[in-house]
Protein chains: 2
Amino acid sequence: MALIVQKFGGTSVGTVERIEQVADKVKKFREAGDDLVVVLSAMSGETNRLIDLAKKISDQPVPRELDVIVSTGEQVTIALLAMALIKRGIPAVSYTGNQVRILTDSAHNKARILQIDDQKIRGDLKAGRVVVVAGFQGVDEHGNITTLGRGGSDTTGVALAAALKADECQIYTDVDGVYTTDPRVVAQAQRLDKITFEEMLEMASLGSKVLQIRAVEFAGKYNVPLRVLHSFQEGPGTLITIDEEESMEQPIISGIAFNRDEAKLTIRGVPDTPGVAFKILGPISAANIEVDMIVQNVSHDNTTDFTFTVHRNDYDKAHKVLDKTAEELNAREVVGDTNIAKVSIVGVGMRSHAGVASRMFEALAKESINIQMISTSEIKVSVVIEEKYLELAVRALHTAFELDAPARQGE
Amino acid sequence: MALIVQKFGGTSVGTVERIEQVADKVKKFREAGDDLVVVLSAMSGETNRLIDLAKKISDQPVPRELDVIVSTGEQVTIALLAMALIKRGIPAVSYTGNQVRILTDSAHNKARILQIDDQKIRGDLKAGRVVVVAGFQGVDEHGNITTLGRGGSDTTGVALAAALKADECQIYTDVDGVYTTDPRVVAQAQRLDKITFEEMLEMASLGSKVLQIRAVEFAGKYNVPLRVLHSFQEGPGTLITIDEEESMEQPIISGIAFNRDEAKLTIRGVPDTPGVAFKILGPISAANIEVDMIVQNVSHDNTTDFTFTVHRNDYDKAHKVLDKTAEELNAREVVGDTNIAKVSIVGVGMRSHAGVASRMFEALAKESINIQMISTSEIKVSVVIEEKYLELAVRALHTAFELDAPARQGE
């Protein structure tokens, strides 16, 4: 008998029929003897409908009041699921974030969970009830309703699992697990049985949008075993956990992530004086633009070239800021490029294997793909290439790192 | 500077545009210097939509969970109005029933208010904020969300006005006040400037559906001046208050109420023994049928005739119960009639005026309308007549009691 937290997202509870299917699933687990806490999102589309309603009043809805409105979305689904369970003879009770109580800070629309009171839930579990909790929402110390921001239901699930010391937190989605890369790009992409939190973080932040990053961080921090599964298909999914078996044979890399959302900006011929990086990036940061990769080449003739990437949506804004900086610094020129893509190989196996990066560069060279920027971390190597080569690069790397073997050994 | 509680119903907040209009209205009061607490219903249709959603899961939705769902309706409107006020530069804050806190018993779907914590609201008023409160909902001592049942928003308004000792509780509706009778029946019907709680109770329970009866009872009990006004038309409305000016000249009757929803049942030739009334009505009550008028004629030949009215929806059920009783009591026969209507004259002025009933009977006799049943209370006289005479009777009485004078003196 295990204690499991299960989280179902918006499409899994998008209609009453879907909610009935979720109830069937939960019933099966309950009858197998598990204690269950179920976290739900709002019906798909409902949160947007509520936000649109608020925006009819004001383009910039008051954050406190917006939370009062959007939190109603989950309040409806939790009660519907509790009803559907009770109809099946499974005792159940629903709780809003306030009722649990999930205490957050007061940062409306993007609050952070501070503390979860587990007493009420433990009492219900002991009494044999399935507890259905509204995801995405909480309450601050003054009793104001807060929300965690988009995708926050995953975080609620993980936080509850941590507070209850659950055996597993299961995140039900519309995919059956985490893949070595996007199956739409590489037909031979495979579902991973297991992946580490670190790898998952790199995969997620690089564009594999299965799980909310904050939820993975939270799970890693509190060591909550996290499993990604398909809501309505059977299967083991992918378990995200700590890297306990480093000595066992592991694949060198776990997956290949990519991202077409970035653009590149270069300021050329900047006088290379101490503090120049701050002089360039300070104004960018002050304009609230997030920078991803940063590369500064070695200087020659006392000038240097400085390149970084930003989200494509921020490209024009960043270009203007950089033009002004270039003038002030007496730099030679600013050049930009939006036709780029980032491809990354990710894997904890890199730590114990040399030559991973050169194997990556070799594979790309074989396909005559020019590398524009390189950035490395302990468990990943990212390159920026011309966008049109993206699919080719991903397929070449998937093969080079032996990810598309039909029956991968796994761990 | 007064403290006013204003309640707006579902049609007044049925769209974002309407909510903006309500905000304009509230702003005007605020700028005139009043302290304001605004109570809102859900957008019209929303409560039904939510109930339908729950009924898709179960014909008999679990009451606790149903309250969790339907309470979201008001939660949306209060936040929208708070936003609309803030947009107009009026500081405002929204509170759910739980946030106020409006403590109720645990009778889900039909809870009763036990206590209202006025501290938070007083603090906000002192700080210059308009407080927007969700009507219809509360929380029980265990933190479960409760609702007061249909029309409960009026009750929330009155209860808040009582707790805050407000100067007035204004109920905004789609009519501009309480009329001497239904203007669709009598074109000369007039808006009353003032009416007593007792009269309003008689008018409401007799079919003038302007206000929820519970709210009027509550207002009377705590002596909260209640005013019915039109949401979007200017005008003084009708003030419902205690009868302070009995010595001043008053109209004998304030209004004429009527009701087509009843049916009549008579059990004839019942042996007139002690306890016969209970023997007849006990089984009716046991079948959960509410009885309105009851008339027992004097007995002759040691038998009596016993007549009562029930709601037409209960007529068939009541008839069956009565048939069985008639057999047991060895009564002669049971006869029934659904083609009846009840007409009542209501007014505190009756207390000090003799002959009101006979004036009523005279007016009806002049029109050759036969009276089937009569029932009287301290401030009303009701008669049952054949349904087809209803409009004629109401018009005749409206004239006989001088209610259609074009410029009524009023008080």
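Residues numbered from 1 in each chain as written. Chains lettered and ligands numbered in written order. Predicted model: local features only at pLDDT ≥ 70, side-chain atom pairs only at ≥ 80, totals over all residues. Heavy atoms only, no water.

Colleague: Before we move on, can you summarise the UniProt feature "binding site: substrate" (unreviewed entry) in chain A with the specific residues and values?
Modeller: Residue and element names in this part refer to chain A. The residues that UniProt annotates with the feature "binding site: substrate" (unreviewed entry) are Thr47 and Glu74. In three dimensions, the annotated residues from a span of 28 residues occupy one location, with a maximal C-alpha spread of 8.8 Å. By the secondary structure assignment, Thr47 is in helix 2 (residues 46–57). Here Thr47 falls in the buried class, since its relative accessible area comes to 16%. Looking at the secondary structure, you find Glu74 in helix 4 (residues 72–87). Take Glu74: its relative accessible area is 2%, and that puts it in the buried class. If we ignore the near neighbours within four places in the chain, the residues touching Glu74 are Leu40, Ser41, Ala42, Thr47, Ala134, Gly135, Phe136 and Gln137. (UniProt positions renumbered as here; feature names shortened; annotations may be inferred. Helix = DSSP H or I, 4+ residues; strand = E, 2+ residues; numbered from the N terminus. Buried < 20%, exposed > 50% of the residue type's maximum accessible area, 1.4 Å probe, protein only. Contact = heavy atoms within 4.5 Å.)

Colleague: Tell me about the UniProt feature "domain: ACT" (unreviewed entry) in chain A, residues and numbers included.
Modeller: UniProt marks residues 265–339 and 345–411 of chain A with the feature "domain: ACT" (unreviewed entry), using the numbering shown here. The annotated region residues 265–339 of chain A carries 35% helix and 36% strand content, and the separation between its end C-alpha atoms amounts to 11 Å.

Colleague: Could you give me a rundown of helix 12 (residues 356–366) of chain B, with the residues and numbers involved?
Modeller: All names here are of chain B. Of all the residues in helix 12, the buried ones are Val356, Met360, Ala363 and Leu364. All buried residues of helix 12 fall inside an arc of 95° around its axis, so they share one side. Along its buried surface, helix 12 packs onto strand 18 (340–346), strand 20 (380–386) and helix 13 (390–400). Phi for Ser368, located one or two positions after helix 12, is positive at around 60°. (Arc of directions from axis to C-beta.)

Colleague: How would you sum up the interface of chain B and chain A? Please name residues and give values.
Modeller: Taken together, the contact pairs 43 residues of chain B with 43 residues of chain A. Counting across the interface, chain B meets chain A through zero salt bridges. Connecting chain B to chain A are 12 residue pairs in polar contact (both at pLDDT 80 or more). Of all the elements in the fold, those that place two or more residues in the side of chain B that touches chain A are helix 1 (16–31), helix 2 (46–57), helix 3 (63–70), helix 4 (72–87), strand 3 (92–95) and helix 5 (97–100) of chain B. (Salt bridge = Lys/Arg side-chain N within 4 Å of Asp/Glu carboxyl O. Polar contact = N/O pair within 3.5 Å; in protein donor to acceptor, adjacent residues only side chain to side chain.)

Colleague: Explain the sheet that holds strand 16 (residues 303–311) of chain A to me, using residue names and the numbers behind them.
Modeller: Residues and elements named next belong to chain A. Reading across from one edge, 15-16-14-17 is the order of the four strands in this open sheet, with antiparallel pairing throughout. Since the sheet does not close on itself, it has two edges, and those belong to strand 15 (291–296) and strand 17 (333–337), each with one partner. The mean inter-strand angle of the sheet, taken between neighbouring strand axes irrespective of direction, is 15°. Two elements, strand 14 (residues 262–271) and strand 16, share eight bridges in a ladder whose sense is antiparallel. When the sheet's bridge partners are listed, Lys264 is paired in strand 16 with Thr309. Its contacts with the sheet place helix 10 (residues 276–286) against strand 14, strand 15 and strand 16, and it is angled at close to 25° to strand 16. (Pairing = 2+ DSSP bridges. Axes fitted to C-alpha atoms, helices over the stretch in contact; angles between N-to-C directions.)

Colleague: Hey, could you go over the relation of the copies chain B and chain A for me, with residue numbers and the actual values?
Modeller: Least-squares fitting of chain B to chain A yields an RMSD of 0.2 Å, with the transformation described by 0.1 Å of translation along the axis and a rotation of 179°. Classification of the inter-copy transformation places it as that of a two-fold axis. Relative to the rotation axis, the C-alpha of B:Thr72 is the closest in chain B, positioned 2.6 Å from it. (Least-squares fit on C-alpha atoms with pLDDT ≥ 70 in both.)

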